[in-house]
Amino acid sequence: MTVAKNSTAVVLGAGLMGRLLACALAQRGHRVTVYDAGGPQAEHSAARVAAAMLAPLAESAVTELAVVRMGQHALARWPQLLATLAQPVFFQQLGTLVLWHRQDAAEAERFAGQLARTSAALPSLPQAQRMNGAALGALEPALADRFAQGLYLPDEGQLDNRELLAALAHQMQVLGVSVHWHSPHTPAEVDPGPEAWLFDCRGLGAQPQWSALRGVRGEVARIHAPGVGLSRPTRLVHPRYPLYIAPKPGGMFVIGATEIESDDLSPASVRSTLELLSAAYTVHPGFGEARIVELGVQLRPTLPDNLPALRLSAPRRMAINGLYRHGFMIAPAVLDAVLELMDQGHSPLADRLGLTVNRDHPA
């Protein structure tokens, strides 16, 4: 099956996936209409409350090889996608630093063992490098004499999630995408015609149509700490408070750890905030004088196996969901598989990476 250019496509949901897809379709010559329940700031999207780390090897400690493969594919694709945008987006590929305190050495060995198993299964992925205190201090002078050992994961990266969301919103305007903000729609409420494509990218908003979806709560602090000189994403291995710290431009840091099986969207608790920021303080005491700019809470759309999936419910009707905590890390791989499915009726990339494609109708 090939797709005629200049056809019509409707995208429901303008979070990360919806915006990427709308821009890609418009760039290919399709007439694209987008409906979203929120506004250009993506205030209802899980993508707004994220660290946007691109760390397939680091994430392999908590996810499946399929997600790692998608993340590896996406690392190469992000610079290409960002180059098509009219507005600049902070992107960095200086690797990930993994640290632990002496009392957590056993937990760190378990973590390192999982990374070694991932590297054995995916030899094309750069391997973790063990570092002593001197090497850590040379790599990150802000951490000199603070940790006796750690791991360095080369080539991993990050970007600025909010800059990207804003740049994609602007790009939709540049490309002539018809965007309807504050206009929630379900697939049943939209009839683009049998020759048009309809994509459901609404995340948890699609739960009535995809009942297996659930929300997993995440809490993230945005901290202004210009006195903390960390230059790359840093993770702290801990049996109770695993932590990530992602430095952003302007002395900003995104700090997170919490992953709660709950669809509660109430503000962050005092206890979880104290645990989160206390763990950050043990990495660098400069966080003690930092300013809390925001404590964000959002729900990650998650399927039972914690893996993403595409679902074709009818000809030219596709739902994209379940990106869970890996949205920024894997979105380009999911996008490329979607475009292959449009063009060919199947996706060799999805097969190769292990991305699930469910069909409720004959191919």
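Further up the page is the structure itself.
As the structure is a computational prediction, the values presented were derived from the model and not from experiment.

Calculation rules
- Residues numbered from 1 in each chain as written.
- Predicted model: local features only at pLDDT ≥ 70, side-chain atom pairs only at ≥ 80, totals over all residues.
- Heavy atoms only, no water.
- Phe/Tyr/Trp six-rings, centres within 6.5 Å; stacked < 30°, edge-to-face > 60°.
- Buried < 20%, exposed > 50% of the residue type's maximum accessible area, 1.4 Å probe, protein only.
- Helix = DSSP H or I, 4+ residues; strand = E, 2+ residues; numbered from the N terminus.
- Lys NZ or Arg CZ within 6 Å of the ring centre and 35° of its normal.
- Contact = heavy atoms within 4.5 Å.
- Expected span 1.5 Å × (residues − 1).
- Bend = angle between axes of the 7 residues up to and from the residue.
- Core = buried A, V, L, I, M, F, W, Y, C linked by side-chain atoms within 4.5 Å.
- Axes fitted to C-alpha atoms, helices over the stretch in contact; angles between N-to-C directions.
- Parallel < 35°, antiparallel > 145°, perpendicular 65-115°, else oblique.
- Pairing = 2+ DSSP bridges.
- Arc of directions from axis to C-beta.

Colleague: Which parts of the structure should I look at to understand the packing of aromatic side chains?
Modeller: What characterises a pair of aromatic rings is the spacing of the ring centres plus the angle enclosed by the ring planes. Under the defined criterion, the tally for this structure stands at two aromatic pairs. A ring pair is formed by tryptophan 197 and phenylalanine 199, whose centres lie 5.4 Å apart and whose planes are at 10 degrees; its orientation type is stacked. The residues tryptophan 197 and phenylalanine 199 share a single accessibility class, namely buried. Measuring from ring centre to ring centre gives 5.3 Å for phenylalanine 253 and phenylalanine 287, while their planes differ by 85 degrees; the resulting arrangement is edge-to-face. Here phenylalanine 253, found in strand S14 (residues 252–256), pairs with phenylalanine 287, found in the loop between helix H7 (270–283) and strand S15 (291–302); they are 34 residues apart in sequence, far enough to count as distant. Here phenylalanine 287 falls in the buried class, since its relative accessible area comes to 9%. Here the guanidinium or amino end of arginine 311 rests over the ring plane of tryptophan 210, the centre of that ring lying 4.5 Å away.

Colleague: Teacher, can you tell me more about the environment of proline 233 here?
Modeller: Along the chain, proline 233 turns up in the loop between strand S11 (214–224) and strand S12 (234–237). Judged by its relative accessible area of 1%, proline 233 is buried. Between the C-alpha atoms of proline 233 and leucine 303, which are 70 residues apart in sequence, the distance is 27 Å. Once residues within four sequence positions are removed from consideration, proline 233 is found in contact with Met53, Gln92, Gly95, Thr96, Leu97, Gly157, Gln158, Ile245, Ala246 and Pro247.

Colleague: Explain helix H3 (residues 65–83) to me, please; I cannot follow it from the model alone.
Modeller: Residues separated by three or four positions in an α-helix point in the same direction, a consequence of the helix having 3.6 residues per turn. With 19 residues, H3 extends 28 Å between its outermost C-alpha atoms, agreeing within 8% with the 27 Å of an ideal straight helix rising 1.5 Å per residue. At arginine 77, H3 is bent by approximately 40 degrees, the largest bend along its length, and proline proline 79 sits one to four residues beyond. Inspection of H3 places Ala66, Val67, Val68, Met70, Gly71, Ala74, Leu75, Arg77, Trp78, Leu81 and Leu82 among the buried residues, and these make up the whole buried set.

Colleague: I'm lost on the nonpolar core in this one. Help?
Modeller: Generally speaking, soluble globular proteins have nonpolar side chains that are buried together. In this structure, Leu21, Trp78, Leu164, Phe199 and Ile320 are the most contacted members of the largest nonpolar core, which totals 61 residues. Counting residues per element, this core draws most heavily on helix H8 (residues 327–344), which supplies 12 residues. Formed by 23 residues, the second largest nonpolar core is a distinct cluster that contains Leu97, Leu99, Leu243 and Phe253.

Colleague: Hey, could you run me through the packing of H3 against H8 in this one?
Modeller: A pair of packed helices is characterised by two quantities: the angle between their axes and the separation of those axes. It is at 7 Å that the axes of H3 and H8 come closest, and there the two elements cross at 85 degrees. By the criterion of interaxial angle, the relationship of H3 to H8 is roughly perpendicular. Where H3 abuts H8, its residues Val67, Met70, Gly71, His73, Ala74, Arg77, Trp78 and Leu81 lie against Phe328, Met329, Ile330, Pro332, Ala333, Val334, Leu335 and Asp336.

Colleague: Sorry, what's going on with unusual backbone geometry here?
Modeller: Glycine aside, negative phi is the norm for most residues, and most peptide bonds take the trans geometry. Even without a glycine there, the phi angle at aspartate 145 is positive, about 70 degrees. Take aspartate 145: it is sitting in the loop between helix H5 (133–139) and strand S7 (149–153). On the accessibility criterion, aspartate 145 (80% relative accessible area) is exposed. Its identity as a non-glycine residue notwithstanding, arginine 316 has a phi of 65 degrees, on the positive side. By the element assignment, arginine 316 lies in the loop between strand S16 (309–314) and strand S17 (317–321). The class of arginine 316 is partly exposed, set by a relative accessible area of 23%.

Colleague: Looking at this structure, how should I read the sheet that holds strand S3 (residues 53–54)?
Modeller: Note: strands within a sheet are paired through backbone hydrogen bonds, in either parallel or antiparallel orientation. Taking strand neighbours across the sheet as the criterion, the three strands line up as S3-S8-S4 in an open arrangement whose pairing is antiparallel. Two strands in the sheet have a free side with no partner beyond their single neighbour: S3 and strand S4 (91–92).

Colleague: What is the right way to read H7 from this model?
Modeller: Along its 14 residues, H7 runs 20 Å from first to last C-alpha, staying within 8% of the 20 Å computed at 1.5 Å per residue. Among all positions in H7, only Ser272, Thr273, Leu276, Ala279, Ala280 and Val283 are buried. Buried positions in H7, seen along its axis, are confined to an arc of 140 degrees and lie on one side of it. In H7, the exposed positions angled more than 90 degrees off the buried face are occupied by Val270, Arg271 and Leu274. On the buried face of H7, the contacting elements are strand S5 (96–100), S11, S12, strand S13 (243–248), S14 and S15.

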